[in-house]
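# Examining the three-dimensional arrangement
Letter by letter, the chains look like this.
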2 protein chains.
Amino acid sequence: MTHSTVSAPQNSGRPDSPTDAPPTDSPLSQSLFLRAARGEQVAHPPVWFMRQAGRSLPEYRALRTGTAMLQACRTPDLVTEITLQPVRRHGVDAAIFFSDIVVPLVAAGLDIEIVPGTGPVVANPVRRAADVASVHPLEPSDIGDIETSVRQLVGELGDVPLIGFAGAPYTLASYLIEGGPSKDHARTKALMHSDPGLWHDLLGRLAQISATFLRVQLDAGASAIQLFDSWAGGLSAADYAEFVLPHSQAVFTALGDRDTPRIHFGVGTGELLDLMRQAGASVVGVDWRTPLDVAAARIGGVTPVQGNLDPVLVLADWPVVAEQVRRIVAEGRRAPGHIFNLGHGVLPDSDPAILTRIVELVHSL
Amino acid sequence: MTHSTVSAPQNSGRPDSPTDAPPTDSPLSQSLFLRAARGEQVAHPPVWFMRQAGRSLPEYRALRTGTAMLQACRTPDLVTEITLQPVRRHGVDAAIFFSDIVVPLVAAGLDIEIVPGTGPVVANPVRRAADVASVHPLEPSDIGDIETSVRQLVGELGDVPLIGFAGAPYTLASYLIEGGPSKDHARTKALMHSDPGLWHDLLGRLAQISATFLRVQLDAGASAIQLFDSWAGGLSAADYAEFVLPHSQAVFTALGDRDTPRIHFGVGTGELLDLMRQAGASVVGVDWRTPLDVAAARIGGVTPVQGNLDPVLVLADWPVVAEQVRRIVAEGRRAPGHIFNLGHGVLPDSDPAILTRIVELVHSL
């Protein structure tokens, strides 16, 4: 990893206006990742991995021993070190801010725990008007630690871009309504259809929370953002368009006219890709089910795509992985821009050495 | 339900040749379901529901008390009554043969239990060459009870068509390799890629088993078949084309040149629909994620589709359900033929009265 002399951008002090961007000819602005994310021609795709900072790395597991997930996410020195680990080890082209989808919800005052082996557990699931009224706005002052983490990180990363992280309103709502992870999101879909007014009230509040979480990261120097709508792929296109798209759009709109790349991703969203682009994405993340050239055509042929190696195949032998990587890079060359990634997060039992070899292979193609 | 005078077709006695079909002007052959499945013009779509025979019905739960699933599936009087229950109650346009995906595997000698609340549990998961060698062919004589059940049913159903049932080779393989239900099918994908020779050996054996199970049902008088590849939607299109398609195709090919409709369905298969058609489907089942008109265009615009109400929405209030049904019928009218169904199986806590109203509504449109 290169430690350049580019300093963290200054916050303008006006929370609704964009931060002064680094000069467009800076090494950061001209990094492989940001050029590809802006749709510029590059020699080979940049690479990063969703969940690259996490349990696949022994140095992560060592660092996390004795510290609960939510505590780790609110401790700037830990967030900084965990976010940097995969950049150092793999030589990926971007860092992803280490956090959890529920961090901004907890910061906004909701009572949520992350139970190891289960996931987020919500003390009082949100199902009635009184519950929705308890979802208060997130203020930047609630997440001073996030700003500190990002500033530290940007200083350490130099000309390696940092991608800001947040969950999208629908996925946040599904956790709040179900009370935790769910197979079919039956209660979420029931609320959506049985009380659209309450649904839109809740999603509007969650859009404010997502947007504030991202804006704080951008103001502190993140170079791009990814909005994760992990579970949107369980919805029909009709339901997505009516009940979800307007709120994801509100998040992107609240970020203002910044020229920063906005990646939007969910699992199993083959039928939603163009709607996700319409919501305001400038790069559309694609899971492993949809070939990248098919995805690129489906979203209009002008928007870059990100993806899409099946994370399970990282567990296979190297020749199998290499063949899949070559296929995906070839499919990505038929798209108007490609950021190499997995089609979902790194599985915890992945071999980090295979991930490093993927980075090397993509960079050689 | 109409009890017509159409008698069960005679078995020709040659197991590799098709049964003498009922006359093409018979009430059975001219039933709404079979006409739509052949792509003929009909006034409104026929309706049936995947898992219509099952736990959503109190009369099913009463009948199953004290009888294990696999025992029920091998008892002709129970199979007959359970298959008939939803036809009587809802007035659906087709019956689906009550069985379980593992029935033919057990009949072929594999040691599998269905554990309530878990699903199929395989005593000795199939992961090495010696395990694959233990997957023996299914002989029609192993499933005399299935033939008996179908003959009884066809006699009772009269001019209501019976759809034969089997799991496709990939989904059967995933259960055998994982040892039971799995979230990411990691072991299945690992075997596929690490030992393609062993993979194709196993899938070839499973194709023989699926085909025999279906052929016995057709020879005994079933009017159509549905091949369920429940978990194929977890695969990339590239993996599906190389490792799965040839074996699903082998199943359809083994059924011969019969003019019986062949429905092929899996969950989350939006990117695989055209490959599933190429495998030999004459009707392509679609889950709720892909609008039916989009699906119809994606498979070439000449093949009828089946689907696709989100099963979770059956739990919503009737006005919500009715709006979705109208949308789906409208989208289906832009396809070259449409059989109304859910986008996956009926959930156990569905209200049967809502299912009956769906049938009535579709028939009125």
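Below is a short write-up of the structure.

What counts, and at which threshold
- Residues numbered from 1 in each chain as written.
- Chains lettered and ligands numbered in written order.
- Predicted model: local features only at pLDDT ≥ 70, side-chain atom pairs only at ≥ 80, totals over all residues.
- Heavy atoms only, no water.
- Pairing = 2+ DSSP bridges.
- Helix = DSSP H or I, 4+ residues; strand = E, 2+ residues; numbered from the N terminus.
- Axes fitted to C-alpha atoms, helices over the stretch in contact; angles between N-to-C directions.
- Parallel < 35°, antiparallel > 145°, perpendicular 65-115°, else oblique.
- Left-handed = near helix turned anticlockwise from the far one by under 90°.
- Contact = heavy atoms within 4.5 Å.
- Nonpolar A, V, L, I, M, F, W, Y, C, P; charged D, E, K, R; others polar.
- Phe/Tyr/Trp six-rings, centres within 6.5 Å; stacked < 30°, edge-to-face > 60°.
- Buried < 20%, exposed > 50% of the residue type's maximum accessible area, 1.4 Å probe, protein only.
- Buried area = accessible area lost by both parts, 1.4 Å probe.
- Polar contact = N/O pair within 3.5 Å; in protein donor to acceptor, adjacent residues only side chain to side chain.
- Least-squares fit on C-alpha atoms with pLDDT ≥ 70 in both.
- Lys, Arg positive; Asp, Glu negative; His and termini not counted.
- Salt bridge = Lys/Arg side-chain N within 4 Å of Asp/Glu carboxyl O.

### Quick look at the sheet that holds strand S8 (residues 305-309) of chain B
Residue and element names in this part refer to chain B. Strand order in the open sheet formed by 7 strands is S1-S4-S5-S6-S7-S8-S9, with parallel pairing between adjacent strands. Each having just a single partner strand, strand S1 (95-96) and strand S9 (338-342) make up the two edges of the open sheet. As defined by bridge partners, strand S4 (residues 162-167) adjoins strand S5 (residues 224-228) across 5 bridges and the pair is classed as parallel. Following the sheet pairing, Ala166 is matched in S5 by Leu227.

### Notes on the packing of helix H15 (residues 318-333) of chain B against helix H16 (residues 352-364) of chain B
Residues and elements named next belong to chain B. The N-to-C vectors of H15 and H16 enclose an angle of 40°; their axes lie 10 Å apart at closest approach. Considered as vectors, H15 and H16 are oriented oblique to each other. For the crossing formed where H15 meets H16, the hand is right-handed. Mapping the contact onto sequence places Trp318, Val321, Ala322, Val325, Arg326 and Val329 in H15 and Ile354, Arg357, Ile358, Leu361 and Val362 in H16. Residue composition of the contact of H15 with H16, grouped by class: 9 nonpolar, no polar and 2 charged.

### With respect to the sheet that holds strand S8 (residues 305-309) of chain A
All names here are of chain A. The sheet built from 7 strands is open, its strands ordered S1-S4-S5-S6-S7-S8-S9 with parallel pairing. At either end of the open sheet lies a strand with only one pairing partner, and these are strand S1 (95-96) and strand S9 (338-342). Across the face of the sheet, helix H12 (residues 245-254) comes into contact with strand S5 (224-228) and strand S6 (262-265) while running at roughly 165° to S5.

### Overview of the packing of aromatic side chains
Two aromatic rings are characterised by how far apart their centres lie and by the angle between their planes. All names here are of chain A. In the structure shown here, the tally under the stated rule is 8 aromatic pairs over all chains. Considering the side-chain rings of Tyr60 and Phe98, the 5.7 Å spacing of their centres and the 65° angle between planes classify their relative orientation as edge-to-face. Of the two residues, Tyr60 sits in helix H2 (residues 58-64) while Phe98 sits in the loop between S1 and helix H5 (103-107), which places them 38 residues apart along the sequence. Judged by its relative accessible area of 4%, Tyr60 falls in the buried class. You can call Phe98 buried: its relative accessible area is 5%. Through a chain of ring-to-ring contacts, three or more aromatic side chains come together here, namely Phe165, Phe228 and Phe265.

### Quick notes on the interface of chain B and chain A
Accessible area lost when the parts come together is the quantity often used to give the size of an interface. Contacts between the two partners involve 31 residues from chain B, matched on the other side by 31 residues from chain A. Here chain B meets chain A over a buried area of about 2300 Å², counting both sides, of which 54% is carbon and sulfur. On the chain B side of the contact with chain A, B:His193, B:Glu271 and B:Arg289 bury the most area, a combined 24% of that side's loss. Summed over the shared surface of chain B and chain A, the result is 12 residue pairs in polar contact (both at pLDDT 80 or more). Elements that contribute at least two residues to the side of chain B that touches chain A include exactly helix H9 (186-194), helix H11 (237-243), helix H14 (292-298) and H15 of chain B. With 4 residues, the top contributor of residues to the side of chain B that touches chain A is H9(B). When grouped by side-chain class, the residues that make up the side of chain B that touches chain A number 12 nonpolar, 10 polar and 9 charged.

### Digging into the relation of the copies chain B and chain A
Structural alignment of chain B on chain A gives an RMSD of 0.0 Å, achieved by rotating through 180° and translating 0.0 Å along the axis. In symmetry terms, the pair is related by a two-fold rotation axis. A high fraction, 100%, of the interface residues of chain B reappear at the interface in chain A, so the copies pair face to face through one surface.

### Digging into the side chain of B:Arg64
Residue and element names in this part refer to chain B. Relative to the assigned elements, Arg64 resides in helix H2 (residues 58-64). With no salt bridge to any partner, buried Arg64 finds its closest opposite charge in Asp100, at an N-O distance of 8.3 Å. Here the side chain of Arg64 touches Tyr60 through a polar contact of 2.6 Å, side chain to side chain.

### Here we look at the pairing of strand S4 (residues 162-167) of chain A
All names here are of chain A. Among the 6 residues of S4, 6 are classified as buried, and the element is accordingly described as predominantly covered. Here S4 shows two buried faces, one formed by Leu162, Gly164 and Ala166 and the other by Ile163, Phe165 and Gly167. Inspection of the sheet shows S1 paired to S4 by 2 bridges, in the parallel sense. If you follow Ala95 over to S4, its bridge partner there is Leu162.

### Things to note about the side chain of B:Ser230
Residue and element names in this part refer to chain B. Relative to the helices and strands, Ser230 is located in the loop between S5 and H11. According to the relative accessible area criterion, Ser230 is buried, its value standing at 14%. In this view, Ser230 contacts Ile101, Thr171, Phe265, Gly266 and Val267; residues no more than four positions away in its chain are not counted.

### Some thoughts on the environment of A:Pro246
Relative to the elements of secondary structure, A:Pro246 occurs in helix H12. For A:Pro246 and A:Ala207, which are 39 residues apart along the polypeptide, the C-alpha to C-alpha distance reads 9.5 Å.

### Here we look at the pattern of salt bridges
A complete count under the given rule lists 24 salt bridges over all chains for this structure. The closest approach of N and O atoms between A:Arg74 and A:Asp145, which form a salt bridge, is 2.8 Å. Of this pair, A:Arg74 sits in the loop between helix H3 (69-73) and helix H4 (76-90) while A:Asp145 sits in helix H7 (residues 144-157), placing them 71 residues apart in sequence. You can call A:Arg74 partly exposed: its relative accessible area is 27%. Overall, the relative accessible area of 16% leaves A:Asp145 in the buried class. Of the charged contacts in the structure, one is a salt bridge between B:Glu271 and A:Arg298, with a shortest N-O distance of 2.8 Å. Of this pair, B:Glu271 sits in the loop between strand S6 (262-265) and helix H13 (273-278) while A:Arg298 sits in helix H14 (residues 292-298), on two different chains. According to the relative accessible area criterion, B:Glu271 is buried, its value standing at 17%. For A:Arg298, a relative accessible area of 24% puts it in the partly exposed group.

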